[in-house]
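Listed below, chain by chain, are the residues.
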Amino acid sequence: MKGEKQLLDKKNFNCGMSGFMKVLYITDEDDKFGAPKSMIEMIITLRENYGIYPIVVTSKINNINKICDKNNIENYVTFHRKFTYIKSKNKIINFIKYMIRYIRYKYGNFIAPILINRYIDLSKIDLIHTNISVIDVGSIISRKYNIRHVHHIREFGDKDFNLKSYRKNYIRFFNKTTDTFITISNAVKKYWINKGLDIKKTVVVYNGIYLDDISIRDKKAMDKLKIVISGSIQEGKGQLELVKAVSILPKEILSNIKLDIIGSGSEEYENKIIKLIDENGIKDNVKLLGYHDDLRSKLSDYDVGVVCSRSEGFGRVTVEYMASKLCVIVSNTGANSEIVEDGKDGLIYKYGDYKDLASKIEYIYRNMNLITEFGEKARKKILNAFTTEINSRNIYKVYTNEKL
């Protein structure tokens, strides 16, 4: 089996903390974007501040395993799969993909508990923490071995990614097999409770971020207004909406605008963006830079950070922009309004209205002083509410059944 030899040959990890709480963390194949980054920062801070002994399992060998190895965190690959899929518009293609992925899902959830039980002494595990809503193997193991289970709900799921489920009545299954649901915003909590999640088991803990490697915006005189949008390239993230907004700016403003789109994802959606750039003759203004794993070190190069998501569960990148003292412009959806106060530490535009977004960009361009004013207030907010220390303290309270 791919990766199994590597797992069996792993070095011994430092298990000298056996007297502390042992937590099994379950995540999926994503190693680039918000959920895994938030998890790793959370785990390291919990270990440093509260003596948690973490064990991480991933669904395939990826960068998360490398980060764990680097930080001496015990980790394994167990090949579990998501219980969700994205429905295709073509019925035939959808059926074929459905069957292939369903078989992979069933096999993954058959083999994963066996591998987890082989690699890990589950009798020593105090708690299972599933890091993302679309993984159910944590629930399966929790029920089988009677281990307390915490499920982190970091996204809307069907709303933001148009996901469909292989598992019928998965909400009912989760309610039976989960002791506490952690949602990352009030918006996410409300959405999942409306779907049937047990409100008595559900709490809100905002994500936190490390600030050590966040670069602060350079206040030098600007020759161009430099804008960045970062995240996976997909329809739900709204990069196309931002390009449309830039394309209709007055010529005297457009000539002084630079927009960088950072991220990777759907080739089809990226081609739509490229086509729109070509059609509007704005190649000199808009660049697609691909994925960068060192985004934080680049943020000081920008003045404005934009989030155009259809339904952002939290907005990790929004918090990173604000911590870097960028002026943020965000859509009025999801948790954005929980983080940004319109007209005080950023601007909020009406999602789907690229003309409104363009007006916000123009407003900032004509009032450059607001970039520094908003940026200062934004960073102060992050320091008071969205650090990894605050996040880990609240997560630990969940682990120990303390009141938040």
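Note that this is a predicted model, so its numbers are computed, not measured. (Residues numbered from 1 in each chain as written. Predicted model: local features only at pLDDT ≥ 70, side-chain atom pairs only at ≥ 80, totals over all residues. Heavy atoms only, no water.)

**Q** Can you walk me through the pairing of strand β3 (residues 74-77) in this structure?
**A** Side-chain direction in a regular strand flips from residue to residue, so the side chains alternate between the two faces of the sheet. Neither face of β3 is left uncovered, since the one carrying E74 and Y76 and the one carrying N75 and V77 both have all their residues buried. In terms of strand pairing, strand β2 (residues 53-58) meets β3 through 4 bridges, oriented parallel. Counted as the bridge partner of V56 is N75 from β3. Viewed along the sheet, the connection from β2 through helix α3 (residues 63-70) into β3 turns out right-handed. (Buried < 20%, exposed > 50% of the residue type's maximum accessible area, 1.4 Å probe, protein only. Helix = DSSP H or I, 4+ residues; strand = E, 2+ residues; numbered from the N terminus. Pairing = 2+ DSSP bridges. Right-handed = clockwise from strand over helix to strand, strands pointing away.)

**Q** I would appreciate a short explanation of the environment of D356 in the present structure.
**A** Counting through the fold element by element, D356 comes out in helix α15 (residues 354-366). Using a relative accessible area of 18% as the deciding quantity, one classes D356 as buried. Sequence separation of D356 and A245 is 111 residues, and the distance between their C-alpha atoms is 8.1 Å. Separated by 2.9 Å, the side chains of D356 and K360 make a polar contact. (Polar contact = N/O pair within 3.5 Å; in protein donor to acceptor, adjacent residues only side chain to side chain.)

**Q** Could you clarify how one ought to interpret the pattern of salt bridges in this entry?
**A** Pairs can form between side chains of opposite charge whenever their charged atoms are close. The tally for this structure, following the rule as stated, stands at 18 salt bridges. The partner of K283 in a salt bridge is D278, and the shortest N-O contact between them spans 3.7 Å. For E362, the salt bridge is made with R366, and the minimal N-O distance between the two is 3.0 Å. You can see E362 and its partner R366 sitting in helix α15, 4 residues apart, about one turn around the helix. Each member of the salt-bridge network shares a partner with another, and the members are E41, D213, R296, R316 and E320. (Salt bridge = Lys/Arg side-chain N within 4 Å of Asp/Glu carboxyl O.)

**Q** Looking at this structure, how should I read the sheet that holds strand β9 (residues 202-204)?
**A** One key point about sheets: their strands pair by backbone hydrogen bonds, in either a parallel or an antiparallel sense. With parallel pairing, 7 strands are arranged side by side in an open sheet as β3-β2-β1-β5-β6-β8-β9. One side of each edge strand has no neighbouring strand; the edge strands of this open sheet are β3 and β9. Neighbouring strand axes in the sheet, compared pairwise and without regard to direction, differ in orientation by 20° on average. Alignment of strand β1 (residues 22-26) against β2, held across 5 bridges, turns out to be parallel. Within β2, the position partnered with L24 by the bridge is I55. (Axes fitted to C-alpha atoms, helices over the stretch in contact; angles between N-to-C directions.)

**Q** Looking at this model, I keep getting lost on the packing of helix α9 (residues 239-247) against helix α11 (residues 267-279). Mind explaining?
**A** Two quantities define a packed helix pair, namely the angle between the axes and the distance from one axis to the other. As a packed pair, α9 and α11 sit with axes 10 Å apart at the nearest point and diverge in direction by 5°. What the angle tells us is that α9 and α11 run roughly parallel. Between α9 and α11, the contacting residues are Q239, L240, V243 and K244 on the first element and Y269, K272, I273, L276 and I277 on the second. (Parallel < 35°, antiparallel > 145°, perpendicular 65-115°, else oblique. Contact = heavy atoms within 4.5 Å.)

**Q** Even after reading the chapter, I still don't get α3, so can you show me in this structure?
**A** Structurally, the α-helix is built with 3.6 residues per turn, so residues lying three or four positions apart point the same way. Every buried residue of α3 is listed here: I64, N65 and C68. Seen along its axis, α3 keeps its buried residues to an arc of 100°; they face one direction. For α3, the exposed residues lying more than 90 degrees away from the buried face are K66 and K70. The residue sitting at the N-terminus of α3 and contributing the capping side-chain oxygen is N62; that oxygen lies 2.9 Å from the backbone nitrogen of I64. Positive backbone phi, at 55°, marks N72, one or two positions downstream of α3. (Arc of directions from axis to C-beta.)

**Q** Looking at this structure, I do not really get the environment of K164. What am I missing?
**A** Examined against the element boundaries, K164 turns out to sit in strand β7 (residues 163-165). Its relative accessible area of 35% is what places K164 among the partly exposed residues. Residues K164 and F83, spaced 81 residues apart in sequence, show a C-alpha to C-alpha distance of 8.5 Å. The contacts of K164, once residues within four sequence positions are left out, are F83, T84, Y85 and K87.

**Q** What am I meant to see in the sheet that holds strand β10 (residues 225-230) here?
**A** Taken in spatial order, the 6 strands line up as β12-β11-β10-β13-β14-β15 in an open sheet, and their pairing is parallel. Looking at which strands have only one partner, the edges of the open sheet turn out to be β12 (286-290) and β15 (347-349). Adjacent strand axes in the sheet meet at a mean angle of 25° when their direction is disregarded. Bridge analysis of strand β14 (residues 327-331) against β15 gives 3 bridges, and the strand direction is parallel. Pairing of V330 across the sheet is with I348, part of β15. The strands touched by helix α13 (residues 316-323) are β10, β13 (304-307) and β14; relative to β13, the strand with the most contacts, the crossing angle is about 165°.

**Q** Before we go on, may I ask you to explain the packing of aromatic side chains in this structure?
**A** The way to describe two aromatic rings as a pair is by their centre distance and the angle between their planes. A full pass over the atoms with the stated rule returns 16 aromatic pairs. Summarising the aromatic geometry, the rings of Y76 and Y119 are spaced 5.1 Å apart at their centres and angled 15° between planes, so their arrangement reads as stacked. Taken as a pair, Y76 in strand β3 and Y119 in helix α4 (residues 91-119) lie far apart in primary sequence, 43 residues in all. When the centroid spacing of 6.1 Å and the interplanar angle of 75° are considered together, the rings of Y170 and F174 count as edge-to-face. (Phe/Tyr/Trp six-rings, centres within 6.5 Å; stacked < 30°, edge-to-face > 60°.)

**Q** Quick question: what am I supposed to make of the environment of Y102 here?
**A** One can find Y102 in helix α4. Overall, Y102 belongs to the partly exposed group, its relative accessible area being 28%. When the C-alpha positions of Y102 and V57 are compared, they lie 21 Å apart, and in sequence the two are 45 residues distant.

**Q** Please explain the side chain of E312 as it appears in this structure.
**A** Along the chain, the position of E312 falls in the loop between β13 and α13. A distance of 3.2 Å separates the side chain of E312 from the side chain of K237, its partner in a polar contact.

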